[in-house]
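A look at the structure
Chain by chain, the residues run as shown.
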Amino acid sequence: MAGSSVTVGNVEIVSLLDTAMEFDAGMFFPRNDSADFDPYKNQYPDAYGSDGKLRTYAHCYALRSAGKTVLVDTGIGPGPVAMLGGISGRLVQDMHTKGVQPESIDVVVFTHLHSDHVGWNLTPGNVPTFGKARYSVPQADWDFFTASDVAPQNPHIHASVLPLKELGVLDLFSGEKAITEELTTYPTPGHTPGHTSILVSSAGEKAIICGDIAHHPAQADRTEWCCGFDGDPPQAVASRQKVFDQLEADGLLAAISHFPDPGFGKLVRLEGKRVWQAL
Ligand SMILES: [Zn+2]
């Protein structure tokens, strides 16, 4: 396994693992047959759990760039999370282990507003976990998830997202916006309306923090497969295809939240098929 930290030009990217999770393939990818995943098991053993389940991960990434520390996503949270079988995340513990202090975070950027990406925003009592940070949310996800017909079905929006506005620490962005002179937001909609990747470009090197552009390494080859959480499957496939083509053509480093720890790798062609080559 690769180390938890890589550098891209002058940017350091630290992979932070909140938790691993296991789901039945039929629940995770409801449009697939569970057997579709069998041929990939030898190639990606860490993406398979016990009893025929798929194993997935909730990563966050800390980026040190141009004097700022930027945290991408905040995991499932301290829990226990009932809908995930009562598990608890360990993001803050992992940050301490890897030398990224919560109080050093200047900006938290969200790839999207699903519950496994916003969990550590606040501590009990609605105190921001990252005390000096601004929290930056894609406008299209804010509009979608805070709508009166959607928010009631998403209790995490009330618990972890809406208070950010009341606390005065929320910023909304859309399109391509510079976070630092080396980091820019890159809209990759489909998984959610405002799903956003982060493009890292520094000293001639590039990487993409891909959020939930894919959920299992088999999708490197089968970009048309969609997990059940892809809100707009045709648009999710189009964004996945576009980003994966770009990663492969340019040989870029990718960080993909739900891929095996630490989620760093490249997309390369092997015997005519595109494969995920973990670092
Ligand atoms: Zn998601």
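Our subject in this report is the structure included herewith. (Residues numbered from 1 in each chain as written. Predicted model: local features only at pLDDT ≥ 70, side-chain atom pairs only at ≥ 80, totals over all residues. Heavy atoms only, no water.)

This paragraph deals with the pairing of strand β15 (residues 264-270). The sheet contact formed by strand β14 (residues 253-255) and β15 spans 2 bridges and is antiparallel. From the neighbouring strand, alanine 255 faces β15, where its bridge partner is phenylalanine 264. (Pairing = 2+ DSSP bridges. Helix = DSSP H or I, 4+ residues; strand = E, 2+ residues; numbered from the N terminus.)

Sheet architecture is open: 7 strands sit in the order β1-β2-β3-β4-β5-β8-β9, paired in mixed fashion. Two strands bound the open sheet, and with one partner strand each, they are β1 (5-8) and β9 (170-173). Direction aside, neighbouring strands of the sheet carry axes that sit 25° apart on average. Across 3 bridges, the pairing between strand β5 (residues 107-109) and strand β8 (residues 134-138) is parallel. Across the sheet, residue valine 109 finds its bridge partner in β8, namely serine 136. (Axes fitted to C-alpha atoms, helices over the stretch in contact; angles between N-to-C directions.)

Bringing the layout of surface pockets into the picture now. There is about 720 Å³ of room inside the largest pocket. If you trace the largest pocket, you find 33 residues lining it, with Met83, His114, Ser115, Asp116 and His156 closest to the centre. Counting only elements with at least two residues in the lining of the largest pocket, the list comes to β2 (11-24), β6 (122-123) and α4 (155-166). Top contributing element to the lining of the largest pocket by residue count: α4, with 4 residues. For the lining of the largest pocket, the class distribution of residues is 16 nonpolar, 15 polar and 2 charged. (1 Å grid on protein atoms, 1.4 Å probe; cavity = no way out; pocket = protein on both sides within 12 Å on 5 of 7 lines; lining within 4 Å. Points joined across faces, edges and corners; volume = space filled by probe spheres on them. Nonpolar A, V, L, I, M, F, W, Y, C, P; charged D, E, K, R; others polar.)

With that out of the way, let us pick up the pattern of salt bridges. Under the counting rule described, the total for this entry stands at 11 salt bridges. A salt bridge links glutamate 12 to arginine 64, with the nearest nitrogen and oxygen atoms 2.8 Å apart. Of this pair, glutamate 12 sits in strand β2 while arginine 64 sits in strand β3 (residues 53-65), placing them 52 residues apart in sequence. Taking the relative accessible area as the measure of exposure, glutamate 12 reaches 25% and is therefore partly exposed. Using a relative accessible area of 28% as the deciding quantity, one classes arginine 64 as partly exposed. The salt bridge involving glutamate 248 is made with arginine 269; its shortest N-O contact spans 2.7 Å. You can see glutamate 248 sitting in helix α5 (residues 233-250) and its partner arginine 269 sitting in strand β15, a full 21 residues away along the chain. You can call glutamate 248 partly exposed: its relative accessible area is 21%. According to the relative accessible area criterion, arginine 269 is partly exposed, its value standing at 47%. Residues joined by salt bridges that share partners form a network here, namely Asp245, Glu248, Arg269 and Arg274. (Salt bridge = Lys/Arg side-chain N within 4 Å of Asp/Glu carboxyl O. Buried < 20%, exposed > 50% of the residue type's maximum accessible area, 1.4 Å probe, protein only.)

What follows deals with the sheet that holds strand β16 (residues 273-278). Strands belonging to one sheet form pairs held by backbone hydrogen bonds; the direction of such a pair is parallel or antiparallel. Spatially, 7 strands are ordered β10-β11-β12-β13-β14-β15-β16 in an open sheet, and the strand pairing comes out mixed. Strand pairing shows two members of the sheet lacking a second neighbour, β10 (178-180) and β16, which therefore form its edges. Along the sheet, successive strands turn relative to each other by an average axial angle of 30°, direction set aside. As judged from the 5 bridges shared by strand β12 (residues 196-202) and strand β13 (residues 205-209), these two strands associate in the antiparallel manner. Bridge pairing in β13 links serine 201 to lysine 206.

Further remarks concern the coordination of the zinc ion. His112 (NE2), His114 (ND1), His191 (NE2) and Asp212 (OD) make up the full set of protein donors to the zinc ion, lying at 2.1 to 2.3 Å. For the zinc ion, the 4 donor atoms are set out with angles of 88 to 175° between them, so the coordination reads as irregular. (Donors = N, O, S within 2.8 Å, 3.2 Å for Na, K, Ca; no water. Tetrahedral: all angles 85-135°; square planar, octahedral: opposite > 155°, others 65-115°.)

Right, let's talk about the packing of aromatic side chains for a bit. By the definition in use, this model includes 10 aromatic pairs. Plain terms: the ring middles of phenylalanine 23 and phenylalanine 28 are 5.2 Å apart, the flat faces sit at 50° to each other, and that makes the pair tilted. One exposure class covers both phenylalanine 23 and phenylalanine 28, and it is buried. Taken together through their ring pairs, the aromatic side chains of Phe23, Phe28, Phe29, Phe37, Tyr40, Trp225 and Phe229 make up a single cluster. (Phe/Tyr/Trp six-rings, centres within 6.5 Å; stacked < 30°, edge-to-face > 60°.)

Below, the discussion takes up the environment of glutamate 22. When you line up the elements, glutamate 22 lands in strand β2. On the accessibility criterion, glutamate 22 (30% relative accessible area) is partly exposed. Considering only alpha carbons, one finds glutamate 22 and leucine 54, 32 residues apart in sequence, at a separation of 5.5 Å. Here glutamate 22 is in contact with Gly49, Ser50, Lys53, Leu54 and Arg55, once residues within four sequence places are set aside. At a separation of 3.2 Å, a polar atom in the side chain of glutamate 22 contacts the side chain of serine 50. (Contact = heavy atoms within 4.5 Å. Polar contact = N/O pair within 3.5 Å; in protein donor to acceptor, adjacent residues only side chain to side chain.)

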